[in-house]
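One-letter residues, chain by chain:
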Amino acid sequence: MTSFFGDIQKIAFEGVDSTNELAFRHYNPDEIIMGKPMRDHLRFSVAYWHSFAWEGGDPFGGPTFDRPWFGDEMALAKMKADVAFDMFKILGQPYFCFHDLDVRPEGSNYAENTCNLEEITEYFEGKMAETGTKLLWGTANMFSNRRYMSGASTNPDPEVFAFAAATVKSCMDATHRLNGENYVLWGGREGYETLLNTDLTRELDNMGRFLSMVVDYKHKIGFKGQILVEPKPQEPSKHQYDYDVATCHGFLQKYGLENEVKLNLEQGHAILAGHSFEHEIALAQSLGVLGSIDMNRNDYQSGWDTDQFPNNVPEVALAYYHILKGGGFTSGGTNFDAKLRRQSLDPVDLIASHAGAMDICARGLKAAAAMLEDGGLESALNDRYAGWSSAQTKDVMDGATLESLTNWVKEQDINPAPKSGKQERLENYVNRFV
Ligand code: XLS
Ligand code: NI
Ligand code: NI
């Protein structure tokens, strides 16, 4: 262990009555929920970028964090990895996620970038073997460097498209080598600032072509992980092509990728798109493209993607309700795409924020499982749609036409009576569990 976290010990489950700030009150990894340990339902992951690469800057001020590994040398990248894996040991979460840029020094060209990434990948291999921490997903940062200011796969310059392709190849190779369970593409600058300079049709076609190449390469190297695209409506681009679940699904269908690519859904992105998180999860579930989640929350007043740690149990409970209802994660998990506030300077803040978030998710999961086991929401849903299950309705609807239904309405003198949607009663029901 490095000395960064001082004498902080591995976080233990102490039960709901514990007043220890650094203990789990709800996350009991071995506890069986609906036939499976909590650990395997939640599949927690730490995001390398927010916890170890982000320096605490905002649009009005520079770094606030003072971390001994900030800098551009390989030795510092390794120190950062040492501290990261120390934190993974303390938290005991099974997974982590990274972008190439989070983990390796930026080189002066593609060859140096790749060489640096390979060196760190090898270093990670040792650390992962030693700690048992696994890789939920890897990804390429194709939005920070100025070469990507007009997009990566949607850049008007084919040389940038090629550079991005080569970069994704190197990150897929690293992810494959580390047995990553998914590979993510978030299109930070795959969008536009103004239509005055944007050929939208060409950009979308290029994005489709790029993603097809990613899928082809996955099969070529025998990478068994799931390819995921992460929807977000805007920020940094004014308008991003991967707007939300519905938009991404339409895009995947248009380019024939709907059976190859799933989605990584982020709480804050759902809110930015004007949806609730459970809406995005339920829709992805329904379209067969739910892959994984980035768990966080936005500030409810500012309207920015503030990537705060989750702390709203009812919201988290409904998210897991839909995940569990759909059978739970397969390759996906709960990645904390969340960062400290820039005033939270201390090493212990990094630990407490994650431990608290893990506890919130565990509470949400337990509430979700209790609701599913109780079956109240399911039976209310079945009642509401019961008309569609009757033998008579099935007969009438089978091959129905506007004329046949008109005849039915006339012959039976159909005169429907409105029924209550019971929203408040259902909300009260949910509140019994959260
Ligand atoms: C940014 C995204 C990013 C992705 C990975 O808003 O959430 O962090 O998850 O590139
Ligand atoms: Ni985000
Ligand atoms: Ni994200």
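This text gives an overview of the structure that appears in the document. Computed from a predicted structure; not experimentally measured. (Residues numbered from 1 in each chain as written. Chains lettered and ligands numbered in written order. Predicted model: local features only at pLDDT ≥ 70, side-chain atom pairs only at ≥ 80, totals over all residues. Heavy atoms only, no water.)

On to the coordination of the nickel ion (ligand 3). Protein ligation of the nickel ion (ligand 3) involves Glu230 (OE), Glu266 (OE), Asp294 (OD) and Asp337 (OD), the donor distances falling in the range 2.0 to 2.1 Å. Given six donor atoms and angles of 81 to 174° at the metal, the environment of the nickel ion (ligand 3) is assigned as octahedral. The nickel ion (ligand 2) is placed at 3.8 Å from the nickel ion (ligand 3), the two being bridged by glutamate 266. Taken as a pair, aspartate 294 in strand β13 (residues 290–295) and aspartate 337 in the loop between β14 (334–336) and α12 (347–374) lie far apart in primary sequence, 43 residues in all. For the pair shown, aspartate 294 and aspartate 337 are each scored as buried. (Donors = N, O, S within 2.8 Å, 3.2 Å for Na, K, Ca; no water. Tetrahedral: all angles 85-135°; square planar, octahedral: opposite > 155°, others 65-115°. Helix = DSSP H or I, 4+ residues; strand = E, 2+ residues; numbered from the N terminus. Buried < 20%, exposed > 50% of the residue type's maximum accessible area, 1.4 Å probe, protein only.)

Taken as a whole and judged by the stated rule, the model has 26 aromatic pairs. Ring plane angle 80° and centroid distance 4.9 Å describe the contact between phenylalanine 4 and phenylalanine 5, whose orientation is recorded as edge-to-face. Considered together, phenylalanine 4 and phenylalanine 5 belong to a single accessibility category, that of buried residues. Ring geometry for phenylalanine 24 versus tyrosine 27: centroids 5.2 Å apart, planes at 90°, classification edge-to-face. Judged by its relative accessible area of 2%, phenylalanine 24 is buried. One aromatic cluster is present, built from ring pairs that chain together Phe4, Phe5, Tyr48, Phe52, Trp69, Phe70, Phe85, Phe88, Phe96, Phe98 and Phe124. Directly above the aromatic system of tryptophan 54 lies the positively charged group of lysine 339, at a separation of 4.7 Å from the ring centroid. (Phe/Tyr/Trp six-rings, centres within 6.5 Å; stacked < 30°, edge-to-face > 60°. Lys NZ or Arg CZ within 6 Å of the ring centre and 35° of its normal.)

As a further point, take the site of ligand 1. Near ligand 1 you find Trp49, His99, Trp137, Trp186, Glu230, Lys232, Glu266, His269, Asp294, Asp305 and Asp337, and these make up its full shell. Between aspartate 337 and ligand 1, the recorded distance is 2.8 Å, taken from a side-chain N or O atom to an oxygen atom. In isolation ligand 1 exposes 290 Å². Once the protein is present, 95% of that is buried. Grouping the constituent residues of the shell around ligand 1 by class yields three nonpolar, two polar and six charged. (Near = heavy atom within 4 Å. Polar contact = N/O pair within 3.5 Å; in protein donor to acceptor, adjacent residues only side chain to side chain. Areas by Shrake-Rupley, 256 points an atom, 1.4 Å probe, with all protein chains shown as cover. Nonpolar A, V, L, I, M, F, W, Y, C, P; charged D, E, K, R; others polar.)

Summarising burial for strand β12 (residues 261–266): five of the six residues are buried, a large majority. With three bridges connecting them, strand β10 (residues 226–230) and β12 associate as parallel partners. The partner of leucine 228 across the bridge, within β12, is lysine 262. With four bridges connecting them, β12 and β13 associate as parallel partners. (Pairing = 2+ DSSP bridges.)

Moving on: the state of the cysteines. In the structure shown here, the tally under the stated rule is zero disulfides. Free cysteine cysteine 97: the closest other cysteine sulfur is in cysteine 171, separated by 13 Å. For cysteine 97, a relative accessible area of 0% corresponds to the buried category. (Disulfide = S-S within 2.5 Å.)

Take the packing of helix α10 (residues 277–287) against helix α11 (residues 313–325) next. Across the interface, α10 lies against α11 with an axial gap of 8 Å and an inter-helix angle of 5°. Taken together, α10 and α11 sit at an angle that is classed as roughly parallel. For the pair α10 and α11, the contacting residues are Phe277, Glu278, Ile281, Ala282 and Gln285 in the first and Leu318, Ala319, His322 and Ile323 in the second. Split into classes, the residues belonging to the contact of α10 with α11 amount to six nonpolar, two polar and one charged. (Axes fitted to C-alpha atoms, helices over the stretch in contact; angles between N-to-C directions. Parallel < 35°, antiparallel > 145°, perpendicular 65-115°, else oblique. Contact = heavy atoms within 4.5 Å.)

This brings us to a nonpolar patch on the surface. Among the surface-exposed residues, Leu381, Tyr385, Trp388 and Met397 lie close enough to one another that they form a single nonpolar patch of about 420 Å² accessible area. By the element assignment, tyrosine 385 lies in the loop between α13 (376–384) and α14 (391–397). For tyrosine 385, a relative accessible area of 44% corresponds to the partly exposed category. (Patch = residues over 30% accessible without salt bridge, like charges linked within 9 Å, V, L, I, M, F, W, Y side chains within 5 Å. Salt bridge = Lys/Arg side-chain N within 4 Å of Asp/Glu carboxyl O.)

The subject of this paragraph is unusual backbone geometry. Here the bond from glutamate 235 into proline 236 is cis, since omega is 10°, no more than 30 degrees from zero. Along the chain, the position of proline 236 falls in the loop between β10 and β11 (239–240). Not every positive phi belongs to a glycine, and methionine 34 is a case in point at roughly 45°. Following the sequence through the fold, methionine 34 ends up in the loop between β3 (32–33) and β4 (36–37).

The next subject is the sheet that holds strand β5 (residues 44–47). Judged by pairing direction, the barrel is parallel, and its eight strands sit side by side in the order β5-β6-β7-β8-β10-β12-β13-β14 before closing back on the first. Going from strand to strand, the sheet's axes swing by 30° on average, the running direction of each strand aside. Running over the sheet, α12 touches β5, β13 and β14 and is turned about 150° from β14.

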